[in-house]
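Descriptive analysis of the structure
Read off the chains here:
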Amino acid sequence: MMSGKKWVYLFNEVEQAEKYTGSWDGVRALLGGKGSGLADMTRAGVPVPPGFTVTTEACNAYLAAGQKFPAGMWEQELEALKQTEKQTGKTFGDAKRPLLVSCRSGAKFSMPGMMDTVLNIGMNDAVAQGMAELTGDERFSFDAYRRLVEMFGEVVLGIPDEKFEHPLAEYKAKMGVKSDTELTAADWKAITETFKKVVRENQGFDFPQDPYDQLRLATEAVFKSWNGKRAVDYRNAAGIAHDLGTAVNIVTMVFGNMGWNSGTGVAFTRDPSTGEKKMYGDYLLNAQGEDVVAGIRNTEKIENLGKDLPEAYKEFLEICARLERHYKEMQDVEFTIERGKLWMLQTRNGKRTAKAAVKIAVDMANEDLITKEDAILRVTPENVDTLLHPQFDAKARQKAKDEGRLYATGVNVSPGAAVGQVYFDADTAERMAKEHKQDVIMVRPFTKPDDVHGMLAAKGILTSEGGATSHAAVVARQFGVPCIVGASMVRIDLDMREMKVEDKVVREGEWISVDGTIGEVFLGQIPTSAPSLEEQTDLLTLLKWADDLCATPGIRKAPKGWPTTGLQVWANADYPKDARRARSYGAVGIGLCRTEHMFFEPERLPIVQRMILAENSADRTAALNKLLPSQRSDFEGLFEAMDGYPVIIRLIDPPLHEFLPSEETLLEEVITMRVKGETKGLAQKEKLLASVRSMHESNPMMGLRGVRLSIQMPEIVEMQVRAIFEAAANMTLKKVVVKPEVMIPLTGTVNELRWIQPRLVKIAKKVMEEKKVTFDYKFGTMIEIPRAAVTAAEIAELAEFFSFGTNDLTQMTFGYSRDDAERNFLVTYVEQGILPKNPFQTLDQAGVGRLMDMSVKDGRTTRVTLEVGICGEHGGDPASIEFCHTIGNNYVSCSPFRVPIARLSAAHSALKHKGVSIAEDK
Ligand code: PEP
Ligand code: MG
């Protein structure tokens, strides 16, 4: 029965709204964000000016009926107004004791700028006069009246703003005044008359003197505004549904400009930039809300209100504390004091910096306002990211933009801000950093393993090619160096030692600023600030809570034998110093040590090259024997740093040509020597060139690398396994608890493992016998070739652990080159919505993820305790981490710098999927 429907709710009728809708979300949908907030505050006993809300259902019914109020709605609105009159002791339209109201839109989701507010409804000629007498302030009264005529004219009648602004400006010019505050009562009276004339001239009728007409028309205007162009555009952009409708809030007007015992202000219940537990805000005495925001007068700090209006301030503090307790969140409030009486006009969760987000969450948990779980959920991985990387000063960055210094953009692969002088090769970059103590940005078309020393010496890295899993990206992320790759608009001329974007040239030695967090390069220097984890005690506390939560048995519901705690976070680390950093950031294992990086050390590379070029096994073994002591000492350092934690060491993975000079360079050198007639060393160079040519492959990433190389040339991995086990044995003898795990890369068929693994296990056992020590160890494999994923049940017959190499697995599942795709079609694919995200950054759950899910399940049918991890770049990405949680991984492994983010993400995943069984979930 339509007429029986409740269209209007007083602020004190929120229980009825709850009963009708069945949930708080339902109340928000019915009364809108603002209306439900005002009603909720009223229920909490907070002084809110009395009023009521016309529902979103009424709006929808009005629009559906071709702009006609639904039956009974207007009558209910009038009845609610009567109740409001009772609550305030004032009467709508009564010149002696007038009730004035505001009319404000309020949809379920905030839509700023959709519809302006109309203030002072209820004013007319008689009421303005009456108000003047009542308040003894004629100026105040007519200022309020002209505001109504103006707002009503603009918002309800649709008269353009300038029709009011021009006459006002003319009037002020005529009177020789600059600011509104100089205008007198007589002035506002005259201006009100002018504004009324504007209405008549534009509309052909007079400004409505009947307050009920004003209210009805304002209500309709808010309803109609839902389908206004501005609102429709906003909803399209913000992804808000078009059928929600807006509510209309009618709120008793209170005035902060009724003398020096009145005032208005805005405040946060805690400091939004530091999180400190103290009120933070501003106010003005004898002023209206707009005056505080517009900055016409200098505002006062909120704590001074205690001196100006001690009673009201005391109540204000008490209410703010109550609001925090009620919402269990830091609040951003608006208030007005009318002749000593405090009114709260709005409260909402306050926006805050990353630092404040962490402090507030931890403090509130310590105050028992929220649980530790709530605290964990309140901080985002982006907050943690922001806290750990140097950032550009926001104002300085904007200034640089305004000055046209934004130079280029690219893929933001390693966060943080870096400022330095540009160098175009690794040796110069390293030399300038080490010898000349310069801050260096290394710029290259792309990077290779033998550029690592330059990258490590640099403050930032920029490449014009490559993507999220390119060498530059992987290394930069691992070492926490801010990095942008694939900035394809930058043309680098290595001969001229300069780079160009259009006609803007940057020469070697000139300064640039690189923002790896968002992928922007600026000309010149922008100031940065650098935080450190050790100093961030609140963050450390929060991360400890996250770890404790993840370590709770039973937090994951899983089949028997599978992990029932949450994910652990391990790190990808090649050197002992990275391992130490990883531990200090909270990693509880090394998930990937890329051993080949150690081969690039300047004193080792010649031996590696001799080993590669050896013509027989004996020569090769001799070279390898020379490498063995250095590999062993690397591993000893890793075991020592990770005392008690597992360390996964991957056997050699890349194709051998990566350790040799490029064919192009060699050819150039040989030709130059021949032309110049230089004979010394020529034969050797020619031999080297012939070897490099003989190793040439059209598709090296799919060629002789990983386990295939180990089968072709087992001596290398035999040396590596000996080095691992000798190191582990030596450290065991020194009372370090070692847990080595040997990882075989790029397995495609179990037969590869059948061939290589027993040989290696034999060496492991032999070393333990020689050294007379025993310790636990594992042999396992990377899963980075789709065939391995599909045949995981067989692979797990030999492999004791799987580690998803999702860089290669993504490359091979999509058939996209991980080194080239991002600078070619991948950006277009994401822009066009062909792919939702860059799959090298965020795991493609439907494809690559499906293979992973299958591998875990199939692998554990063969070996129920199979340890499963991920060590591709996705291991540090929050969405990918959540996916790993749901498929039953034991851990994720990422660069040491991302470990804190991953710890928080692991806890988020556990909380989000608490009670969901893994088997059901997928
Ligand atoms: C991978 O492929 O995901 C991986 C970790 O190995 P790499 O990046 O060294 O190929
Ligand atoms: Mg790989």
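The rules behind the values
- The residue numbering used here restarts from 1 in each chain and proceeds along that chain's sequence as written.
- Each chain takes a letter, starting from A, and each ligand takes a number, starting from 1, following the order in which they are written.
- Reporting in this predicted model follows two pLDDT cut-offs: at least 70 for local features of residues, and 80 or more for side-chain atom pairs to be given and counted; totals over whole chains, interfaces and linings ignore these cut-offs and use all residues.
- To get the side-chain values, take all heavy atoms of the structure and skip hydrogens and water.
- Here, a salt bridge means any Lys or Arg side-chain nitrogen found within 4 Å of an Asp or Glu carboxyl oxygen.
- Strands here are runs of E lasting at least two residues and helices are runs of H or I lasting at least four, both read from the DSSP assignment and numbered beginning at the N terminus.
- Only strands joined by at least two bridges in the DSSP assignment are considered to pair.
- Only heavy atoms are used to decide nearness, and a residue is near a molecule or strand if one of them lies within 4 Å of it.
- Nitrogen and oxygen atoms within 3.5 Å of one another constitute a polar contact, given that in protein one can donate a hydrogen and the other can accept it, and given that sequence-neighbouring residues count only through two side-chain atoms.
- For the accessible areas, the method is Shrake-Rupley and the probe is 1.4 Å, while residue cover comes only from the protein chains on display.
- Working rule for helices: expected span equals 1.5 Å times residues minus one.
- In this scheme, a residue with accessible area under 20% of its type's maximum is buried, one over 50% is exposed, and one in between is partly exposed, where area comes from a 1.4 Å probe on protein chains only.
- A fitted line through C-alpha atoms serves as each axis, taken over the contacting stretch for helices, and the angle formed by two N-to-C directions is quoted from 0 to 180°.
- Each metal's donors are the N, O and S atoms within 2.8 Å of it, or within 3.2 Å when it is Na, K or Ca, and because water is not part of the set, sites may look incomplete.
- Criterion for a disulfide: a pair of cysteine sulfur atoms within 2.5 Å.
- Note on contacts: a residue pair is in contact if any heavy atoms of the two residues lie within 4.5 Å.
- For a crossover, the right-handed case is the one in which the path from the first strand over the helix to the second runs clockwise, viewed with the strands pointing away from the viewer.

With that settled, consider the pattern of salt bridges. This structure, assessed with the given rule, holds 58 salt bridges. In this structure, Arg-903 engages Asp-547 in a salt bridge whose closest nitrogen and oxygen atoms are separated by 2.7 Å. Linking Arg-903 in helix 37 (residues 899-912) with Asp-547 in helix 21 (residues 537-550), this pair joins segments that are 356 residues apart in sequence. Taken together, the shared-partner salt bridges in this structure form one network comprising Glu-596, Arg-650, Asp-653, Arg-705, Asp-808 and Arg-818.

This paragraph deals with the sheet that holds strand 10 (residues 300-301). With antiparallel pairing, the five strands of this open sheet are ordered in space as 10-9-8-11-12. The sheet is open, and its two borders are formed by strand 10 and strand 12 (341-349), each paired with just one other strand.

Now for the site of ligand 1. Lining the immediate surroundings of ligand 1 are 14 residues, of which Arg-594, Arg-650, Gly-805, Asn-807 and Arg-818 lie closest. One of the side-chain N or O atoms of Arg-594 is found 2.8 Å from an oxygen atom in ligand 1. Here an oxygen atom of ligand 1 and a backbone polar atom of Gly-805 are 3.3 Å apart. For ligand 1, whose free accessible area comes to 290 Å², the fraction covered by protein is 95%. Within the residue set of the shell around ligand 1, elements represented by two or more residues are strand 27 (590-594) and helix 33 (806-814). Top contributing element to the shell around ligand 1 by residue count: helix 33, with three residues.

The next thing to look at is helix 37. Counted at 1.5 Å a residue, the expected span for helix 37 with its 14 residues is 20 Å, and the 20 Å between its end C-alpha atoms agrees. The element helix 37 is extensively covered by neighbouring structure, given that 13 of its 14 residues are classed as buried.

Right, let's talk about the sheet that holds strand 20 (residues 491-493) for a bit. An order of 20-21-22 is seen for the three strands of this open sheet, with the pairing classed as antiparallel. One side of each edge strand has no neighbouring strand; the edge strands of this open sheet are strand 20 and strand 22 (504-507). Pairwise comparison of adjacent strand axes, ignoring direction, gives a mean angle of 20° for this sheet. Note: strand 21 (residues 498-501) against strand 22, four bridges, orientation antiparallel.

What follows covers the coordination of the magnesium ion (ligand 2). Protein coordination of the magnesium ion (ligand 2) is provided by Glu-784 (OE) and Asp-808 (OD), with donor distances spanning 2.1 to 2.2 Å. Pair noted here: Glu-784 is in the loop between strand 30 (778-783) and helix 31 (786-790) and Asp-808 is in helix 33, with a separation of 24 residues, a long-range link. Assigned by exposure class, Glu-784 and Asp-808 land together as buried.

For Lys-328, which is not glycine, the phi dihedral falls at a positive 55°. Unusually for a residue other than glycine, Arg-497 sits at a positive phi of about 55°. Position of Arg-497 among the secondary structure elements: in the loop between strand 20 and strand 21. With a relative accessible area of 26%, Arg-497 lands in the partly exposed category.

Each disulfide is one covalent bond, formed between the sulfur atoms of two cysteines. Under the definition given, this model contains zero disulfides. Between Cys-550, a free cysteine, and Cys-894, which holds the nearest cysteine sulfur, the sulfur-to-sulfur gap is 13 Å. You can call Cys-550 buried: its relative accessible area is 5%. Free cysteine Cys-871: the closest other cysteine sulfur is in Cys-884, separated by 11 Å. Look at Cys-871 and you get buried, because its relative accessible area is 1%.

What follows is about the side chain of Thr-842. As for its placement among the helices and strands, Thr-842 is situated in the loop between helix 34 (825-831) and helix 35 (845-862). We classify Thr-842 as buried; its relative accessible area is 15%. Setting aside anything within four residues of it in sequence, one finds Thr-842 in contact with Lys-837, His-874, Asp-877, Ala-879 and Ser-880.

Here strand 18 (residues 460-463) shows a buried face lined by Gly-460 and Leu-462 and a second buried face lined by Ile-461 and Thr-463. Pairing analysis gives four bridges linking strand 17 (residues 440-444) to strand 18, with the strands arranged parallel. Along strand 18, the bridge assignment pairs Arg-444 with Thr-463. Note on the crossover from strand 17 through helix 19 (residues 452-457) to strand 18: the handedness is right-handed. Taken together, the two bridges between strand 18 and strand 19 (residues 483-485) define a ladder with parallel strand orientation. Across the sheet, residue Leu-462 finds its bridge partner in strand 19, namely Ile-484.

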